[in-house]
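Observations on the three-dimensional arrangement
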Amino acid sequence: MKLDSLKAIKEHFAFDREVVKRLGKEKREEIKTHYKKSLNLDKTAKKFGLERNTIYGCVRKVMDCIRLKEINKYKKQINNLTEFELGYIIGILEGEGYFGMIRDPEKRFRLIVTVSNRDKKIVEYINNKIGLNFNLHSFRKKNYICNSERKDMNFGKIYEWKCSDKRLMIILLEKIYPLMVGKKKEVGLMIKSIKTKNETEKFKIYYAFQKVKAKKNNKVKLRKIDRKSTRLNSSH
């Protein structure tokens with residue numbers, strides 16, 4: 001499976017190639033060895049007294065290989081689900097799952113899939129079957145699959161499974177899409193959004209997704225989304 005380009009990562013970790021070269025081959029190899037053990041840019045930067053960007057310049061190819069291995073491992077895990085397991089998981093996602101698409105302050109689109117429940121066993125089942133229990137990229141702490149728990153004032157402990165890494169999410173979404181019923185439109189639009197590179201198209205998909213959500217929840221909100229969507233179409 002092909003990895004996405006590193007363009008998005010480079011926006012966060014622009015580095016000076018000359019600074020990296022001046023470290024020398026032996027130093028760079030030492031940095032790579034430490035990073036493979038820790039899988040953490042911050043710890044590696046602290047160990048060698050260097051900037052995170054410089055560490056990234058040394059280990060970027062290593063990070064790429066690690067991601068590729070984990071993505072292939074996850075794809076195999078999803079494809080190995082039995083018919084019963086897949087059906088049960090889809091039932092949970094239809095009932096307890098949340099499929100979301102938001103825009104952050106930097107106007108980038110964020111996708112998220114969560115399952116929240118007071119029954120720890122249900123969340124653990126999802127996590128065991130379709131989740132990964134560790135953070136692949138320590139510098140993107142919010143974009144990974146986890147099994148966390150948060151407290152709710154009225155209901156006590158609520159356990160939550162979350163996926164917000166698009167490279168892993170697309171594997172899951174494409175697997176469940178043909179069998180989804182109630183949330184099939186949301187899943188279809190999320191797949192479209194991940195595969196689309198054109199920003200205008202992403203906006204259209206985003207507003208179409210919000211309309212699907214609004215139809216289920218709030219008609220007033222739907223009218224506002226319709227007006228925004230009309231303005232977007234007229235400007236292009």
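See the structure shown above.
What you see as residue numbers is a count from 1 along each chain, following the sequence as written. The predicted origin of the model limits local features to residues at a pLDDT of at least 70 and limits the giving and counting of side-chain atom pairs to 80 or more, whereas totals for whole chains, interfaces and linings rest on all residues. Side-chain measures were taken over the full set of non-hydrogen atoms in the model, leaving aside hydrogen atoms and water.

**Considering the overall build of the protein**
Numbering of helices and strands runs from the N terminus, with a helix taken as a DSSP run of H or I at least four residues long and a strand as a DSSP run of E at least two residues long. Scanning the protein from N- to C-terminus turns up 11 helices and 4 strands. In the protein, which comprises 236 residues, the proportion classed as buried is 41%. Long-range pairs, those at least 24 residues apart, make up 61% of the contacts in the protein between residues at least 6 apart in sequence. A total of about 14500 Å² of accessible surface is found on the protein, and carbon and sulfur atoms cover 50% of it. Classification of residues uses two cut-offs on accessible area relative to the type maximum, computed with a 1.4 Å probe and protein chains only: under 20% is buried, over 50% is exposed, and between them is partly exposed. Any two residues whose heavy atoms approach within 4.5 Å at even a single point are treated as in contact. For the accessible areas, the method is Shrake-Rupley and the probe is 1.4 Å, while residue cover comes only from the protein chains on display.

**A word on the pairing of strand S1 (residues 97-103)**
DSSP calls a pair of strands paired once it identifies at least 2 bridges connecting them. Here S1 pairs with strand S2 (residues 109-117) via 7 bridges, running antiparallel. Across the sheet, Ile 102 pairs through a bridge with Arg 110, a residue of S2. Once S1 ends, the chain turns through 5 residues before running back antiparallel as S2, passing Lys 107 with a positive phi of about 65°.

**Section: the environment of Leu 179**
The residue Leu 179 is located in the loop between helix H8 (166-176) and helix H9 (184-195) in this model. Setting aside residues no more than four positions away along its own chain, Leu 179 makes contact with Leu 86 and Ile 90.

**As for the packing of helix H6 (residues 83-96) against helix H7 (residues 120-130)**
Working convention: axes come from line fits to C-alpha atoms, limited for helices to the stretch in contact. Angles between N-to-C directions cover 0 to 180 degrees. Interhelical geometry of H6 versus H7 gives an angle of 130° and a closest axis separation of 11 Å. Classed by the angle they form, the pair H6 and H7 counts as oblique. In this structure, H6 meets H7 at a crossing whose hand is left-handed. Facing H6, whose interface residues are Glu 85, Tyr 88, Ile 89 and Ile 92, H7 presents Ile 122, Tyr 125, Ile 126, Lys 129 and Ile 130. Each residue is assigned to one class: nonpolar for Ala, Val, Leu, Ile, Met, Phe, Trp, Tyr, Cys and Pro, charged for Asp, Glu, Lys and Arg, and polar for all the others, Gly among them. When grouped by side-chain class, the residues that make up the contact of H6 with H7 number 7 nonpolar, no polar and 2 charged. Roughly parallel covers angles under 35 degrees, roughly antiparallel covers those over 145, roughly perpendicular covers 65 to 115, and oblique covers all other angles. If you view the pair so one helix is near and one far, a crossing is left-handed when the near helix is turned anticlockwise from the far one by less than a right angle, and right-handed when it is turned clockwise.

**Focus: the packing of aromatic side chains**
Note on aromatic pairs: the rings of Phe, Tyr and Trp (six-membered ring only in Trp) are paired at centre separations within 6.5 Å, and the planes decide the class, stacked below 30 degrees, edge-to-face beyond 60, tilted for the rest. Under the criterion given, the structure shown has 5 aromatic pairs. Residues Tyr 88 and Tyr 125 carry aromatic rings whose centres are separated by 5.0 Å and whose planes lie at 85° to one another, so their mutual orientation is edge-to-face. One end of the pair, Tyr 88, is in helix H6; the other, Tyr 125, is in helix H7, and 37 residues separate them in sequence. Classification of Tyr 88 by relative accessible area gives partly exposed; the value is 37%. A centroid spacing of 5.3 Å and a plane angle of 80° characterise the contact between Phe 109 and Phe 203, whose relative ring orientation is edge-to-face. Taken together, the positions of Phe 109 in strand S2 and Phe 203 in helix H10 (residues 199-217) put the pair 94 residues apart, joining distant regions of the chain. When its relative accessible area of 7% is taken as the criterion, Phe 109 is described as buried. Chaining the aromatic ring pairs together yields one cluster made of Phe 109, Phe 203, Tyr 206 and Tyr 207. A ring is scored as having a charge over it whenever the NZ atom of a lysine or the CZ atom of an arginine sits within 6 Å of its centre and within 35 degrees of its normal. The ring of Tyr 177 carries the charged tip of Lys 184 above its face, separated from the ring centre by 5.1 Å.

**As for the pattern of salt bridges**
Any two side chains of opposite charge can pair, so long as their charged atoms come close to each other. Take a side-chain nitrogen of Lys or Arg and a carboxyl oxygen of Asp or Glu: if they are within 4 Å of each other, that pair is a salt bridge. Per the stated rule, a full pass over the model turns up 6 salt bridges. As a salt-bridge pair, Arg 52 and Asp 42 come within 2.7 Å of each other at their nearest N and O atoms. Remark: Asp 42 occurs in helix H4 (residues 41-48) and Arg 52 occurs in helix H5 (residues 52-79); sequence separation between them is 10 residues. Asp 165 is paired through a salt bridge with Arg 167; the nearest N and O atoms lie 3.6 Å apart. Here the two residues Asp 165 and Arg 167 agree in accessibility, since each one is buried.

**Focus: the nonpolar core**
Residues belong to a common nonpolar core when they are buried Ala, Val, Leu, Ile, Met, Phe, Trp, Tyr or Cys residues joined through side-chain atoms within 4.5 Å. Ranked by size, the top nonpolar core spans 38 residues in total, and within it Phe 99, Val 113, Ile 130, Trp 161, Leu 173, Ile 176 and Met 190 carry the most contacts. Considering each element in turn, this core owes the most residues, 7 residues, to H8. For Ile 176, the contacting residues outside a window of four places in its chain are Leu 86, Ile 90, Leu 93, Phe 99 and Val 187. In terms of nonpolar packing, the next biggest core, distinct from the first, is built from 14 residues, Val 20, Ala 45, Tyr 56 and Cys 58 among them.

**Topic: helix H3 (residues 25-38)**
Its 14 residues place the ends of H3 20 Å apart at the C-alpha level, agreeing with the 20 Å of an ideal helix rising 1.5 Å per residue. Remark: Leu 39 follows H3 within two positions and exhibits a positive phi of approximately 50°. Expected span, for any helix, means 1.5 Å times one less than how many residues it has.

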